[in-house]
Amino acid sequence: MSERVESAEVALMTEIASLYYVEGETQEAIANRLGISRVKAGRLLKRAHAEGIVDVRVRQHPAVSAEIEQALIRRFGIKRALIALDHAEPDVQRSGVASLVADHLSRELHDGSIVAVGMGRNVGSVADNVFEQGERKCSFVCAIGGSLRAGEYMNPDHICRRLAMKYGGESETLYAPALVQNPALRDSMYENPTVRQTLDRARRADIAMIGVGDLSEDSNMVRMGWFTPQEIAEARLSGTVGDMMGYDFIDMHGRPSETPMQGRVIGLTITDLARIPDVVAIASENTKAAGILGALRTGVIDTLATSVTNAHTILRLDEATTSTAS
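Residues numbered from 1 in each chain as written. Predicted model: local features only at pLDDT ≥ 70, side-chain atom pairs only at ≥ 80, totals over all residues. Heavy atoms only, no water.

With an unreviewed UniProt entry as reference, the chain is termed Sugar-binding transcriptional regulator, source organism Chromohalobacter moromii.

Pasting the structure below:
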């Protein structure tokens, strides 16, 4: 297809999308108006979706989520809860949660803001769901090292770059691996001036976006080869329920768990996160309720972004484990 023909098709897709979504015209009326078949109008409308010309997002009415959001705020002392509608398709669910975080980010960012950025699919999805193009002189700084096995989409460096591109800001890479063989090597890496400089900047962040991991044999940490299924199983037996972006493994009560996997990640710690004004924990998967509960009980989470099902499960689980403990 020539560049001229391709440009004409893009213009036609844009016009059809505008007539359909902005003017409220039916596909049949659009087809008659533009002198094309209804089938072609429908096909071009679908292409407009696929190529990003159209952004359709279904927003939950505030009244639907207000009650459960307030319940989470009261129960855990967080500042806000961003609760997305449930969806059976994991990618759609992830996008729904991420779009709420993207809206929150767009509201909170201003010139001079620093955002510490973690690793993972949920954090990466936020960059895909930023649609406001207003420029801000802000910085997106890697809060954890990188991993070749994670791929571009989940690596914090690439997430920072995508966010900086959307907001017109700048990104800063942490030139270090995310995981090393032992705590001694990690401590040695912390002494490196380049690593220390970037982490110091991340510690001064106004906002941190982190994922919450669950402890399953299908977790990202296993898929990336960080830990074996056997190590994960042993950690579960010792009471570990999840991790906060790989930084710290925690038990159900938000305490550091006793596992050999602990202390090998180069990045911010729970202590570092506690000093950041707005720590946004993002978890869309319904397998992560126990991990999210543990993360909330650390006391460092300010904003929770998750699904309706997770929110209800977390509240029930908190009630059950609190009554059991007492």
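Continuing now.
Mind showing me how you'd approach the overall build of the chain here?
Looking only at helices and strands, one finds 15 helices and nine strands in the chain. Burial analysis of the chain (326 residues in total) assigns 52% to the buried set. Nonlocal contacts in the chain, meaning residues at least 24 apart in sequence, comprise 72% of its contacts between residues at least 6 apart. For the chain, the exposed area adds up to about 15700 Å²; of that, 51% sits on carbon and sulfur atoms. (Helix = DSSP H or I, 4+ residues; strand = E, 2+ residues; numbered from the N terminus. Buried < 20%, exposed > 50% of the residue type's maximum accessible area, 1.4 Å probe, protein only. Contact = heavy atoms within 4.5 Å. Areas by Shrake-Rupley, 256 points an atom, 1.4 Å probe, with all protein chains shown as cover.)

I would appreciate a short explanation of the pattern of salt bridges in the present structure.
Close approach of charged atoms allows side chains with opposite charge to pair. In the structure shown here, the tally under the stated rule is 17 salt bridges. Ionic pairing is found between Arg 186 and Asp 187, a salt bridge with its closest N-O pair at 3.0 Å. Classification of Arg 186 as buried rests on a relative accessible area of 18%. Residues Arg 255 and Asp 251 are paired through a salt bridge, measuring 3.2 Å at the closest nitrogen-oxygen approach. Judged by relative accessible area, which is 12%, Asp 251 ranks as buried. Look at the salt bridges and you will find they share partners, linking Asp 91, Arg 94, Glu 285 and Lys 288 into a network. (Salt bridge = Lys/Arg side-chain N within 4 Å of Asp/Glu carboxyl O.)

I'm lost on the environment of Val 195 in this one. Help?
If you trace the backbone, Val 195 turns up in helix α10 (residues 193-203). Sequence separation of Val 195 and Leu 174 is 21 residues, and the distance between their C-alpha atoms is 6.2 Å.

Can you help me understand helix α8 (residues 156-167) in this one?
Helical geometry: 3.6 residues make up each α-helical turn, so side chains three or four residues apart lie on a common side. Over its 12 residues, α8 runs 16 Å from end to end, which matches the ideal 16 Å to within 8%, given 1.5 Å per residue. If you check which residues of α8 are buried, you get Pro 156, Asp 157, Ile 159, Cys 160, Leu 163, Ala 164 and Tyr 167. All buried residues of α8 fall inside an arc of 160 degrees around its axis, so they share one side. Gly 168 sits one or two residues past α8 and shows a positive phi near 70 degrees. (Expected span 1.5 Å × (residues − 1). Arc of directions from axis to C-beta.)

Please explain the pairing of strand β1 (residues 80-84) as it appears in this structure.
Regular strands have side chains that alternate between both faces of the sheet. Most of β1 is tucked away, with four of its five residues classed as buried. Pairing geometry for β1 and strand β9 (residues 303-307), over five bridges, is parallel. Pairing of Arg 80 across the sheet is with Thr 303, part of β9. (Pairing = 2+ DSSP bridges.)

Explain the packing of aromatic side chains to me, please; I cannot follow it from the model alone.
Two numbers describe a pair of aromatic rings. These are the distance of the centres and the angle of the planes. The full count for this structure, using the stated rule, is one aromatic pair. Note on Phe 140 and Tyr 167: the rings are 5.9 Å apart at their centroids and 25 degrees apart in plane angle, and the pair reads as stacked. Of the two residues, Phe 140 sits in strand β3 (residues 139-142) while Tyr 167 sits in helix α8, which places them 27 residues apart along the sequence. For Phe 140, a relative accessible area of 0% gives the class buried. (Phe/Tyr/Trp six-rings, centres within 6.5 Å; stacked < 30°, edge-to-face > 60°.)

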